[in-house]
Amino acid sequence: MTGPAPARAEIVVDLAAIRHNVRILRDLVRADEPVRLMVVVKADGYGHGMVEAAAAARDAGADWIGVATIDEALALRAAGDRGPLLCWLSAPGDDFAGAVAAGVDLTAYTVAELDEIAAVGGAHVQLKVDTGLSRGGAPRADWASFFAAAAAHEAAGRVRVTGIWSHFVASDEPAHPMNDAQEAAFREALALAEEAGLEPEVAHLANSAAAILRPSSHFDLVRCGIAAYGLDPAPGATPRLGLRPAMTARARLVMSKPLAAGDGVSYGHTWVADHDTSVGLVPAGYGDGVPRAAGNAASVWVEDSRRPIRGRVCMDQVVVDLHGELPPPGTEVVLFGPGDRGEPTAQDWAEAVDTISYEVVTRLGGRFVRRYIDTETDSDVDSDDQTSEEGTR
Ligand SMILES: *Cc1c(COP(=O)(O)O)cnc(C)c1O
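Each value, and the rule that gives it
- Residues numbered from 1 in each chain as written.
- Predicted model: local features only at pLDDT ≥ 70, side-chain atom pairs only at ≥ 80, totals over all residues.
- Heavy atoms only, no water.
- Helix = DSSP H or I, 4+ residues; strand = E, 2+ residues; numbered from the N terminus.
- Rg over C-alpha atoms; globule rule 2.2 N^0.38 Å.
- Buried < 20%, exposed > 50% of the residue type's maximum accessible area, 1.4 Å probe, protein only.
- Contact = heavy atoms within 4.5 Å.
- Areas by Shrake-Rupley, 256 points an atom, 1.4 Å probe, with all protein chains shown as cover.
- Lys, Arg positive; Asp, Glu negative; His and termini not counted.
- Charge placed at Lys NZ, Arg CZ, Asp CG, Glu CD.
- Axes fitted to C-alpha atoms, helices over the stretch in contact; angles between N-to-C directions.
- Parallel < 35°, antiparallel > 145°, perpendicular 65-115°, else oblique.
- Left-handed = near helix turned anticlockwise from the far one by under 90°.
- Nonpolar A, V, L, I, M, F, W, Y, C, P; charged D, E, K, R; others polar.
- Pairing = 2+ DSSP bridges.
- Domains from an automatic or database assignment.
- Salt bridge = Lys/Arg side-chain N within 4 Å of Asp/Glu carboxyl O.
- Phe/Tyr/Trp six-rings, centres within 6.5 Å; stacked < 30°, edge-to-face > 60°.
- Near = heavy atom within 4 Å.
- Polar contact = N/O pair within 3.5 Å; in protein donor to acceptor, adjacent residues only side chain to side chain.
- 1 Å grid on protein atoms, 1.4 Å probe; cavity = no way out; pocket = protein on both sides within 12 Å on 5 of 7 lines; lining within 4 Å.
- Sits in = over half its atoms within 2 Å of the grid points.
- Points joined across faces, edges and corners; volume = space filled by probe spheres on them.

- As annotated in an unreviewed UniProt entry, the protein chain carries the name Alanine racemase and is attributed to Nocardioides potassii.

### Some details on the overall build of the protein chain
Then, in step 1: If you tally the helices and strands in the protein chain, you get 11 helices and 19 strands.
Then, in step 2: Against the 2.2 N^0.38 benchmark of 21 Å for 393 residues, the protein chain shows a C-alpha radius of gyration of 24 Å, consistent with a compact globule.
Then, in step 3: Sorting the 393 residues of the protein chain into buried and exposed places 53% on the buried side.
Then, in step 4: Pairs at least 24 apart in sequence give 64% of the contacts found in the protein chain among residues at least 6 apart.
Then, in step 5: Of the roughly 16400 Å² that the protein chain leaves accessible, carbon and sulfur atoms contribute 51%.
Then, in step 6: Averaged over its 34 positive side-chain charges, the protein chain has a centre that lies 2 Å from the centre of its 57 negative ones.

### As for the packing of helix H3 (residues 50–59) against helix H4 (residues 70–78)
Then, in step 1: At their nearest, the axes of H3 and H4 sit 10 Å apart, and the two run at 70 degrees to each other. One way to sum up the angle between H3 and H4 is to call them roughly perpendicular. Note on packing geometry: the crossing formed by H3 with H4 is right-handed. Contacts between H3 and H4 involve Met50, Val51, Ala54 and Arg58 from the former and Glu72, Ala75, Leu76 and Arg77 from the latter.
Then, in step 2: Split by residue class, the contact of H3 with H4 holds 5 nonpolar, no polar and 3 charged.

### Things to note about the sheet that holds strand E14 (residues 277–282)
Then, in step 1: Spatial strand order, E11-E14-E17-E16-E15-E18-E10-E1-E19: 9 strands in an open sheet with mixed pairing. For this open sheet the edge positions go to strand E11 (255–259) and strand E19 (369–373), each flanked by a neighbour on one side alone. The average angle at which neighbouring strand axes cross in this sheet is 35 degrees, direction not considered.
Then, in step 2: Bridge analysis of strand E1 (residues 9–14) against E19 gives 5 bridges, and the strand direction is parallel.

### Observations regarding the domain arrangement of the protein chain
Then, in step 1: The domain boundaries assigned to the protein chain delineate domain 1 (35–229) and domain 2 (247–392).
Then, in step 2: At the interface, 8 residues of domain 1 touch 8 residues of domain 2.
Then, in step 3: Counting across the domain 1 and domain 2 interface gives 1 salt bridge.
Then, in step 4: Salt-bridge contacts for Arg370 lead to Asp44; the nearest nitrogen and oxygen are separated by 3.1 Å.
Then, in step 5: Take the side of domain 1 that touches domain 2: its biggest share by element is 3 residues, from helix H2 (residues 42–46).
Then, in step 6: In terms of residue class, the side of domain 1 that touches domain 2 is made up of 3 nonpolar, 3 polar and 2 charged.

### Some words on the pairing of strand E9 (residues 221–224)
Then, in step 1: Of the two faces of E9, the one holding Leu221 and Arg223 and the one holding Val222 and Cys224 are both buried throughout.
Then, in step 2: Pairing geometry for strand E2 (residues 36–40) and E9, over 4 bridges, is parallel. Looking at E9, one finds that Leu37 is bridged to Val222.
Then, in step 3: For strand E8 (residues 202–206) and E9, the ladder comprises 2 bridges, and the chain directions are parallel. Across the sheet, the residue bridging to Ala206 is Val222, located in E9.

### Describing the packing of aromatic side chains
Then, in step 1: According to the stated counting rule, one finds 6 aromatic pairs in the structure shown.
Then, in step 2: An aromatic cluster of three or more residues is present, and its members are Tyr46, Tyr229 and Tyr358.

### Brief notes about the site of the ligand
Then, in step 1: Close to the ligand lie 14 residues; Lys42, Tyr46, Ser208, Ile226 and Tyr358 are nearest.
Then, in step 2: Contact distances for the ligand include 3.5 Å between an oxygen atom and a side-chain N or O atom of Trp88.
Then, in step 3: The contact in question runs from a nitrogen atom of the ligand to an N or O atom on the side chain of Arg223, over 2.8 Å.
Then, in step 4: Compared with its free state, where it exposes 390 Å², the ligand has 95% of that area covered by protein.
Then, in step 5: When atom positions are compared with the pocket grids, the ligand is found to occupy the largest pocket.
Then, in step 6: When contributions to the shell around the ligand are tallied by element, the ones reaching two or more residues are H2 and E9.
Then, in step 7: Residue composition of the shell around the ligand, grouped by class: 7 nonpolar, 4 polar and 3 charged.

### Concerning the layout of surface pockets
Then, in step 1: When its volume is computed, the largest pocket comes out at roughly 610 Å³.
Then, in step 2: In terms of lining residues, the largest pocket is bounded by 31 residues, among which Lys42, Arg135, His167, Asn207 and Tyr358 are the most central.
Then, in step 3: Breaking the lining of the largest pocket down by element, the ones donating at least two residues are H2 and helix H11 (357–363).
Then, in step 4: A class-by-class count of the residues in the lining of the largest pocket yields 16 nonpolar, 9 polar and 6 charged.
Then, in step 5: The space that makes up the second largest pocket amounts to roughly 390 Å³.
Then, in step 6: Forming the walls of the second largest pocket are 16 residues, and the residues nearest its centre are Gly230, Leu231, Asp232, Leu243 and Pro245.
Then, in step 7: Broken down by class, the residue content of the lining of the second largest pocket amounts to 7 nonpolar, 7 polar and 2 charged.

Written as structure tokens, this is what we have:
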């Protein structure tokens, strides 16, 4: 069989894995109460593709989609997304009118922002309160005046306040004292909002880690990002839920060659072989989002073994130790994947380079070609001649 040659380096996203994870999260939060699920697809769906991730999430029953910016929300609408959609990061002069026309719920952090949104007329707006993260949201001292301003705009018919929400500091550390403190502060904010006469449809506080680890924080809605992509929001603390990583990063070996004891590898010779071995050239580097810190730290998967990266990661390529073997050019290299075959996971890479899996998957891009598979509907998706849907990038 001949088809187009497989890509030099590609990000393969399994849409069935995203749907599977979304169903798990939805069932988890709906177990006792009718809590709704928002799936967060900001930053190009954490590197998985915003439009495709949102469609898979809606298919699997996500009630809301969440993004950071108005531009992201409008891009989703332009791609045909319908249904409840919230964004939460705007600056003065942003296209609030476009968002309102597209039926996107906006978030306000300040009275000034609320006024700018109200001037459009007919906006659905959610109010973000800062319960301790000291990032976006109205600080506690402003809650009463913030809610009063929102109630006045609502009474005048200029906006509809659809939600009140906040965001955790340390939900990935279940014993962190800020979790209790923020939940208590959020309840105070809700009581103040009620006093101001606001009746939002949804109050929400939890991200993935809190959705999984802290049922008391569920309120009406949880906002899950990382868990929808199958990655662990709180490594070491999360119970086994059967989440499945949706992203596999793979490349085709460019060459392999023997390396003699005493030979150094890559810029600066930060690694020198202490015995005869062989090395392989993998055509992806920091220009493609492969962390430079992975030099002498992370591993890839070639021919059923983990192969350590030797020396520095370059802009376009990395060198891996092939332990004396000389696989032919074109041999599959898996940088990370679900881990089923023993290959490293995004979590393994995160630990190797001292970051979080969020950053590993979100930053990968550059010249990687993204391709979508669906392991629920495709007949043959695990071989090298995958010819299902072509990705976009
Ligand atoms: C990114 C983000 C989320 C999702 O967080 P995860 O830890 O990926 O579940 C939720 N809420 C807000 C406000 C965010 O910015």
